[in-house]
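A closer look at the structure
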Amino acid sequence: MIPSNIFVGNLFLSDNIRHIEGSIVECGVWRGGMSAAMAEFLGPDRKYYLFDSFEGLPSAKEIDGENALAWQKNTSSPTYFDNCKAEIKYAEECMSMSKSKIYEIRKGWFSETLPAFPYNESIALLRLDGDWYESTMDCLKNLYPKVNKGGLIIIDDYYAWDGCCRAIHDFLSENNLCERIRESKHGVSYMIKK
Ligand SMILES: C[S@@+](CC[C@H](N)C(=O)[O-])C[C@H]1O[C@@H](n2cnc3c(N)ncnc32)[C@H](O)[C@@H]1O
């Protein structure tokens, strides 16, 4: 689903966290290609977590913006991908082909699965790809505190969807944070945790 320049851009960015301790986490994995590529690239000495409903996206709401509402109604569009629904077996297969053998794929809605992220584990790289406001906010509320100082938060949908962008700014503002939203030379949006 990811354009090749953005795919490569994600790997370029992830190269910067080799010195940061912690797991690699992707929220919104679809068929698992990006997670598996990061696992292949960053190697087997880390733990990888993949979170997804594997039931597609929740219904977009007004806060997600007109484009999101229109996108979800247009079920015959070539970018609809069955509402981004993919069976878990694709992610399992992808991860089994990567170098990493330490990974967990957690199926379910973020609001239910993320609070169970192990309390004693920290995160070096958090990749947010859940598209909508609530999905992004659930990820930030549950996992941002687990990201280590200097850790990387990749925001796949910052430019794509209003809901994601709103969630990022609301979260930063509500928590009195001043992390900058940056854009890599490949056009990938991200923040570095202060
Ligand atoms: C755009 S796709 C992810 C694409 C994937 N990262 C890739 O690189 O190919 C968005 C994914 O987020 C998942 N998702 C969105 N909101 C969710 C939520 N609240 N709980 C669980 N999964 C969610 C969907 O099931 C879907 O697989």
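Before going into details, it helps to say that this report is about the structure given with it. What you are looking at is a predicted structure, and each value in this text was computed from that prediction instead of being measured.

**Structural notes on the nonpolar core**
- In this structure, Val 25, Cys 27, Phe 51, Leu 126, Leu 143, Ile 153 and Ile 168 are the most contacted members of the largest nonpolar core, which totals 26 residues.
- Contributing elements (two or more residues each) for this core: strand 1 (23-27), strand 2 (48-52), strand 4 (123-128), helix 7 (133-143), strand 5 (147-155) and helix 8 (162-174).
- In this structure, Ile 17, Ala 36, Ala 37 and Met 38 belong to the second largest nonpolar core, which totals 24 residues.

**Remarks on the layout of surface pockets**
- Reported here for the largest pocket is a volume of approximately 960 Å³.
- Lining the largest pocket are 50 residues; nearest its centre among them are Met 1, Cys 84, Asp 129, Asp 131 and Asp 157.
- Elements with a contribution of two residues or more to the lining of the largest pocket: helix 1 (4-14), helix 2 (33-42), helix 4 (81-84), helix 6 (110-113) and helix 7.
- The element contributing the most residues to the lining of the largest pocket is helix 7, with 4 residues.
- Residue composition of the lining of the largest pocket, by class: 24 nonpolar, 14 polar and 12 charged.

**Observations concerning the pairing of strand 7 (residues 189-192)**
- Taken together, the 3 bridges between strand 5 and strand 7 define a ladder with antiparallel strand orientation. When the sheet's bridge partners are listed, Leu 152 is paired in strand 7 with Ile 192.
- The pairing of strand 6 (residues 182-183) with strand 7 spans 2 bridges and is classified as antiparallel. Bridged to Arg 182 within strand 7 is Tyr 190.

**Some words on the site of the ligand**
- With respect to spatial proximity, 21 residues lie near the ligand, and among them Ile 2, Gly 28, Asp 52, Asp 129 and Ser 135 are the closest.
- The contact in question runs from a nitrogen atom of the ligand to an N or O atom on the backbone of Gly 28, over 2.8 Å.
- Between Phe 110 and the ligand, the recorded distance is 2.9 Å, taken from a backbone N or O atom to a nitrogen atom.
- Relative to its unbound accessible area of 600 Å², the ligand is 96% covered by the protein chains.

**Remarks on the pattern of salt bridges**
- Using the criterion set out here, one finds 10 salt bridges in the structure.
- In this structure, the salt-bridge partner of Glu 40 is Lys 99, at a minimum N-O distance of 3.7 Å. Taken together, the residues Glu 40 in helix 2 and Lys 99 in the loop between helix 5 (88-97) and strand 3 (103-107) connect sequence positions 59 residues apart.
- On the accessibility criterion, Glu 40 (33% relative accessible area) is partly exposed.

**Brief notes about the packing of helix 7 against helix 8**
- Close contact between helix 7 and helix 8 brings their axes to 8 Å; oriented N to C, the two are set at 35°. Seen along the crossing, helix 7 lies across helix 8 with a hand that is right-handed. On helix 8, the residues touching Tyr 133, Thr 136, Met 137, Leu 140 and Lys 141 of helix 7 are Gly 163, Cys 164, Arg 166, Ala 167, Ile 168, Asp 170, Phe 171 and Glu 174.

**Brief notes about the environment of Pro 115**
- Among the structural elements, Pro 115 can be located in the loop between helix 6 and strand 4.
- Between the alpha carbons of Pro 115 and Leu 143 there is a distance of 8.3 Å; along the sequence they are 28 residues apart.

**Comments concerning the packing of helix 1 against helix 2**
- Contact geometry for helix 1 and helix 2: axes closest at 10 Å, N-to-C directions at 40°. With respect to helix 2, the axis of helix 1 lies oblique. In the packing of helix 1 onto helix 2, the handedness of the crossing is right-handed. On helix 2, the residues touching Phe 7, Asn 10, Leu 11 and Ser 14 of helix 1 are Gly 33, Met 34, Ala 37, Met 38, Phe 41 and Leu 42.
- Class assignment of the residues belonging to the contact of helix 1 with helix 2 gives a composition of 7 nonpolar, 3 polar and no charged.

How each quantity is defined
- Residues numbered from 1 in each chain as written.
- Predicted model: local features only at pLDDT ≥ 70, side-chain atom pairs only at ≥ 80, totals over all residues.
- Heavy atoms only, no water.
- Core = buried A, V, L, I, M, F, W, Y, C linked by side-chain atoms within 4.5 Å.
- Buried < 20%, exposed > 50% of the residue type's maximum accessible area, 1.4 Å probe, protein only.
- Helix = DSSP H or I, 4+ residues; strand = E, 2+ residues; numbered from the N terminus.
- 1 Å grid on protein atoms, 1.4 Å probe; cavity = no way out; pocket = protein on both sides within 12 Å on 5 of 7 lines; lining within 4 Å.
- Points joined across faces, edges and corners; volume = space filled by probe spheres on them.
- Nonpolar A, V, L, I, M, F, W, Y, C, P; charged D, E, K, R; others polar.
- Pairing = 2+ DSSP bridges.
- Near = heavy atom within 4 Å.
- Polar contact = N/O pair within 3.5 Å; in protein donor to acceptor, adjacent residues only side chain to side chain.
- Areas by Shrake-Rupley, 256 points an atom, 1.4 Å probe, with all protein chains shown as cover.
- Salt bridge = Lys/Arg side-chain N within 4 Å of Asp/Glu carboxyl O.
- Axes fitted to C-alpha atoms, helices over the stretch in contact; angles between N-to-C directions.
- Left-handed = near helix turned anticlockwise from the far one by under 90°.
- Contact = heavy atoms within 4.5 Å.
- Parallel < 35°, antiparallel > 145°, perpendicular 65-115°, else oblique.

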